[in-house]
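Structure assessment
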Number of protein chains: 2
Amino acid sequence: MSEHIVSSYDTDLQNLRRSIAEMGGIAEKMMADAGTALVRRDASLAQAIIAADQRLDVLQREIEEKAILLIARRQPMAIDLRETISAIRVSGDLERIGDLAKNIAKRVVAISDQMQPQKIVLGVQHMSELVQEQLKDVLDAYATQDVKAARDVWERDGGIDALYTSLFRELLTYMMEDPRNISFCTHLLFCAKNVERIGDHTTNIAETIHYLVTGETLPTDRPKNDASNYATVSAGPGA
Amino acid sequence: MSEHIVSSYDTDLQNLRRSIAEMGGIAEKMMADAGTALVRRDASLAQAIIAADQRLDVLQREIEEKAILLIARRQPMAIDLRETISAIRVSGDLERIGDLAKNIAKRVVAISDQMQPQKIVLGVQHMSELVQEQLKDVLDAYATQDVKAARDVWERDGGIDALYTSLFRELLTYMMEDPRNISFCTHLLFCAKNVERIGDHTTNIAETIHYLVTGETLPTDRPKNDASNYATVSAGPGA
């Protein structure tokens, strides 16, 4: 293989890395803005988030196309093949994170005129901040190929799932206390679910980093504490 | 290229097709069973759905690995490359459909002891039947590479999104009428959302079929009628 081919192959990989970094930056900002828009019920910030999602979609398609062409043309082996496959996977997760942040933004638009007590959104805000940190950490771990940091993110996801379950119960309780909260809290429930799923995608990225660096796959039974699928709350006698 | 290589390449592609067909069959059954389990509040059927999901996960990983090896080793061109890429995409969508059906099953377990009036689940049942039909049609279209049938599925998705929005409002109304419905209807809302997202994945598969057969990408602005993100229902004076 000539020097020329090797170096243009490196350029291809660097381009992929750059595009992933751009996607990561956009997804992080969308997620942070979605949290802020929700807390402030800021419809115009929400509209900006919705608009930002398009660029993510374009980048994801580009990365997938480039990565597959790269595999077909250059037949990378071992670590280079894994890096190319990882780029496809991570771009897919970042695109989904953008979709989920966009969905939160749409719900902010829906509830922007509702004046429920601020305490009701505190739980979602807290969860959203934790997941933002997860996303930041996993993107740093991807950029530096830090498998230990990735594993740390992977292990922290269980805590977020547990938080979601308790938030689920809390929001149901607000709904039972006062029917005027039902519409608002339902949107918050879906926002919380979206944040939890963003957490799942950061965990996917952590798994991809582990595969990229070690060539091995993490066990499929990752730490899951999401019992909300099974959670119910009974309307008390006063409801 | 020797006869031998060509024919073993065909075998690779046929293996991919067979695995996709197996995944399709499992996903269809999981989705149909989820609808039945929900209507009957049948916790043991729900447990069977949860168990079935593992096989889908295994198949998806296998398809992805095989497809990427195939691209790297045989450098397929044009239609063969598109079929290999399509196998990766479709298996990803089918794996997600399985996850969503599994999530419905978990919620059936949660609400299996609740005796709400049957009319409350009718809307979700109806929507679930429509999406089952979409899934069946899109899998047939994939097997026969029928781009017209795929486009038909793609265009029908807007109707399902519109149905979901009206169902969202209906379930909020049941919650406001009687707080004892809140927990049950919240799970139903998430079930309906899962069904709607299964619909989105059938639409993704339709888009993949279009790309596979024509080499062209459908416009990104597919018929979307999901206004539920923006929907709110006010608690009336009697609530």
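On a predicted model such as this, the values are computed, not experimentally measured, just so you know.

**Here's the deal with the relation of the copies chain B and chain A**
Put simply, the two copies of the chain differ by a rotation about an axis and a shift along that axis. Mapping chain B onto chain A calls for a screw motion: a turn of 180° about the axis and a shift of 0.0 Å along it, with 0.0 Å RMSD after fitting. Overall, the copies show the geometry of a two-fold rotation axis. For chain B, the residue whose C-alpha comes nearest the rotation axis is alanine 72 of chain B, separated from it by 2.7 Å. Take the interface residues of chain B: 100% of them recur as interface residues in chain A, which is what a same-surface contact looks like.

**Considering the UniProt feature "domain: PhoU" (unreviewed entry) in chain A**
Residues and elements named next belong to chain A. Listed under "domain: PhoU" (unreviewed entry) in the UniProt record, and renumbered for this structure, are residues 20-108 and 125-208. For residues 20-108, the end-to-end C-alpha separation is 28 Å, with 94% helix and 0% strand making up the annotated structure. Regarding residues 125-208, the helix share stands at 93% and the strand share at 0%, and the terminal C-alpha atoms are separated by 28 Å.

**Observations regarding the packing of helix H3 (residues 78-111) of chain B against helix H6 (residues 182-214) of chain B**
All names here are of chain B. The contact between H3 and H6 brings their axes to 9 Å, and the two run at 170°. Comparing the axis directions of H3 and H6 gives the class roughly antiparallel. In terms of residue class, the contact of H3 with H6 is made up of 19 nonpolar, 9 polar and 7 charged.

**Side note on the pattern of salt bridges**
All names here are of chain A. Applying the stated rule across the entire model yields 26 salt bridges over all chains. Of the charged contacts in the structure, one is a salt bridge between lysine 136 and aspartate 140, with a shortest N-O distance of 2.8 Å. In this pair, lysine 136 and aspartate 140 both sit in helix H4 (residues 119-144), 4 residues apart, roughly one turn of the helix. In this structure aspartate 140 comes out as partly exposed when scored by relative accessible area, which is 39%. Salt-bridge contacts for arginine 156 lead to aspartate 152; the nearest nitrogen and oxygen are separated by 2.8 Å. Linking arginine 156 with aspartate 152, this pair stays in helix H5 (residues 147-177), spanning 4 residues, or about one helical turn. Exposure remark for aspartate 152: the relative accessible area of 37% places this residue in the partly exposed category.

**Digging into the side chain of arginine 41 of chain A**
Residues and elements named next belong to chain A. Tracing the sequence through the fold places arginine 41 in the loop between helix H1 (3-40) and helix H2 (43-74). Although buried, arginine 41 forms no salt bridge, and the nearest oppositely charged side chain, aspartate 113, lies 8.6 Å from it. Separated by 2.9 Å, the side chain of arginine 41 and the backbone oxygen of glutamine 114 make a polar contact. Not counting residues within four places of it along the chain, the set of residues in contact with arginine 41 comprises Val108, Ile111, Ser112, Gln114, Met115, Gln116, Gln118, Val121 and Phe184.

**Things to note about the interface of chain B and chain A**
Each side of the interface is counted separately: chain B has 43 residues, and chain A has 43 residues. Note on chain B versus chain A: buried area summed over both sides is about 3700 Å², and carbon and sulfur give 64% of it. Among the residues chain B hides against chain A, the three largest losses belong to Phe190, Asn229 and Tyr230 of chain B. Together they make up 16% of the total. Applying the counting rule to chain B against chain A returns 2 salt bridges. As a salt-bridge pair, glutamate 64 of chain B and arginine 89 of chain A come within 2.4 Å of each other at their nearest N and O atoms.

**Some details on the state of the cysteines**
Residue and element names in this part refer to chain A. Under the definition given, this model contains 0 disulfides over all chains. Cysteine 185 takes part in no disulfide bond, and the closest cysteine sulfur, belonging to cysteine 191, lies 11 Å away. The exposure class of cysteine 185 is buried, given its relative accessible area of 0%.

**Describing helix H6 (residues 182-214) of chain A**
With 33 residues, H6 of chain A ought to run about 48 Å at 1.5 Å a step, and its terminal C-alpha atoms sit 48 Å apart, in line with that. Where H6 of chain A ends, the next residue or the one after it, glycine 215 of chain A, has phi of about 80°, a positive value.

**Re the packing of aromatic side chains**
With the rule as written, the count across this model stands at 5 aromatic pairs over all chains. Here the aromatic rings of phenylalanine 190 of chain A and phenylalanine 168 of chain B are separated by 6.2 Å at their centres, their planes lie at 45°, and the arrangement is tilted. Here phenylalanine 190 of chain A is found in helix H6, whereas its partner phenylalanine 168 of chain B is found in helix H5 (residues 147-177) on a different chain. Ring centres of tyrosine 164 of chain B and phenylalanine 168 of chain B lie 6.2 Å apart, and the angle between their planes is 65°; this geometry places the pair in the edge-to-face category. Here phenylalanine 168 of chain B and tyrosine 164 of chain B lie together in helix H5, a separation of 4 residues that amounts to about one turn. Take tyrosine 164 of chain B and phenylalanine 168 of chain B: they sit in the same class, and that class is buried.

Reading the values: the criteria
- Residues numbered from 1 in each chain as written.
- Chains lettered and ligands numbered in written order.
- Predicted model: local features only at pLDDT ≥ 70, side-chain atom pairs only at ≥ 80, totals over all residues.
- Heavy atoms only, no water.
- Least-squares fit on C-alpha atoms with pLDDT ≥ 70 in both.
- Contact = heavy atoms within 4.5 Å.
- UniProt positions renumbered as here; feature names shortened; annotations may be inferred.
- Helix = DSSP H or I, 4+ residues; strand = E, 2+ residues; numbered from the N terminus.
- Axes fitted to C-alpha atoms, helices over the stretch in contact; angles between N-to-C directions.
- Parallel < 35°, antiparallel > 145°, perpendicular 65-115°, else oblique.
- Nonpolar A, V, L, I, M, F, W, Y, C, P; charged D, E, K, R; others polar.
- Salt bridge = Lys/Arg side-chain N within 4 Å of Asp/Glu carboxyl O.
- Buried < 20%, exposed > 50% of the residue type's maximum accessible area, 1.4 Å probe, protein only.
- Lys, Arg positive; Asp, Glu negative; His and termini not counted.
- Polar contact = N/O pair within 3.5 Å; in protein donor to acceptor, adjacent residues only side chain to side chain.
- Buried area = accessible area lost by both parts, 1.4 Å probe.
- Disulfide = S-S within 2.5 Å.
- Expected span 1.5 Å × (residues − 1).
- Phe/Tyr/Trp six-rings, centres within 6.5 Å; stacked < 30°, edge-to-face > 60°.

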